[in-house]
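# Inside the fold
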Amino acid sequence: VLTWPAMALFAILFVWQFPHFYAIAWMYRDDYGRAGIRMLPVVEPDGESTAWRILVFLLILIPVSVAPTLLGLTGMIYLVGALLLGMYFLYSGVQVFRDRSLLRARAVLLTIGRRGTPRKLDVPGEDQSKVVYRLIDPTQYNGQAVLVVGGGDSALEAAIALAEQPGTEVTL
């Protein structure tokens, strides 16, 4: 059964992927061109069309990110965080639009999130053995209260996998 909460999470991930994709395409446009792959930044090398698309999808991402709060899934902390991060993402998109450089494209990619070394929160207890930075087997958390920290697709995927476990309470 497709639920509104599932659609809200899908919408966030769906809209998020476009500015991420366009930023990568801009960063590697020369490589794509040499390989004969007709990406937007290759066929329109001035970058205006790519920058517009980054900006538009970042604009769309702000109201889409508020959907979980409107559906009663999250509270005020999430709402404020989503709005602040959304504005920051949008700011990075405006910078790309004004200055179509590799540096600005990387800024969009970094503000949206990337895989790699996890960012530490520098909070007490973070170095305990029960703190993990990736989810391998969600069944090991059956019946437990779990806090998932993160704003990228990996955090959402982990939260969904954990929420499907019997008796598991997930806070994102």
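Computed from a predicted structure; not experimentally measured.

For the coordinates displayed, the defined rule picks out one salt bridge. In this structure, the salt-bridge partner of R34 is D31, at a minimum N-O distance of 2.2 Å. Placement of both R34 and D31 in helix 2 (residues 29-35) is noted, with a separation of three residues, approximately one turn of the helix.

For the rest of this paragraph, the subject is the nonpolar core. I54, L58, L61 and L90 are the most contacted members of the largest nonpolar core, which totals 15 residues. Listing elements by their share of this core, those giving two or more residues are helix 1 (4-27), helix 4 (48-70) and helix 5 (76-98). Among the nonpolar cores identified, the runner-up in size contains six residues, and Y141, A155, A159 and L162 belong to it.

Moving on, we get to helix 5. Between the first and last C-alpha of helix 5 there are 33 Å, a value that for 23 residues agrees with the 33 Å anticipated at 1.5 Å per step. Taken together, the buried positions of helix 5 are occupied by L79, A82, G86, F89, L90, S92, G93, Q95 and V96.

The end-to-end C-alpha distance of helix 1 is 35 Å, a good match for the 34 Å that 24 residues give at a rise of 1.5 Å each. Buried within helix 1 we find A8, I12, V15, W16, P19, H20, Y22, A23, A25, W26 and M27.

Turning next to the packing of helix 4 against helix 5. In contact at an axis separation of 9 Å, helix 4 and helix 5 are set at 180 degrees when each is read in the N-to-C sense. When the interaxial angle is binned, helix 4 and helix 5 end up roughly antiparallel. Broken down by class, the residue content of the contact of helix 4 with helix 5 amounts to 20 nonpolar, five polar and no charged.

Turning to the environment of A51, a few remarks are in order. As for its placement among the helices and strands, A51 is situated in helix 4. A51 sits 25 residues away from W26 along the chain, and the two C-alpha atoms are 8.9 Å apart.

Moving on, we come to the packing of helix 1 against helix 4. Taken N-terminus to C-terminus, the directions of helix 1 and helix 4 make an angle of 160 degrees; their axes are 9 Å apart at the nearest point. Here helix 1 is positioned roughly antiparallel relative to helix 4, judged by the angle of their axes. The two elements helix 1 and helix 4 meet at a crossing, and its hand is left-handed. Contact residues: A8, A11, I12, V15, W16, F18, P19, Y22, A23 and W26 in helix 1; T50, R53, I54, F57, L58, I60, L61, V64, S65, A67 and P68 in helix 4. A breakdown of the residues in the contact of helix 1 with helix 4 according to their chemical character gives 18 nonpolar, two polar and one charged.

Reading guide: rules and limits
- Residues numbered from 1 in each chain as written.
- Predicted model: local features only at pLDDT ≥ 70, side-chain atom pairs only at ≥ 80, totals over all residues.
- Heavy atoms only, no water.
- Salt bridge = Lys/Arg side-chain N within 4 Å of Asp/Glu carboxyl O.
- Helix = DSSP H or I, 4+ residues; strand = E, 2+ residues; numbered from the N terminus.
- Core = buried A, V, L, I, M, F, W, Y, C linked by side-chain atoms within 4.5 Å.
- Buried < 20%, exposed > 50% of the residue type's maximum accessible area, 1.4 Å probe, protein only.
- Expected span 1.5 Å × (residues − 1).
- Axes fitted to C-alpha atoms, helices over the stretch in contact; angles between N-to-C directions.
- Parallel < 35°, antiparallel > 145°, perpendicular 65-115°, else oblique.
- Nonpolar A, V, L, I, M, F, W, Y, C, P; charged D, E, K, R; others polar.
- Left-handed = near helix turned anticlockwise from the far one by under 90°.
- Contact = heavy atoms within 4.5 Å.

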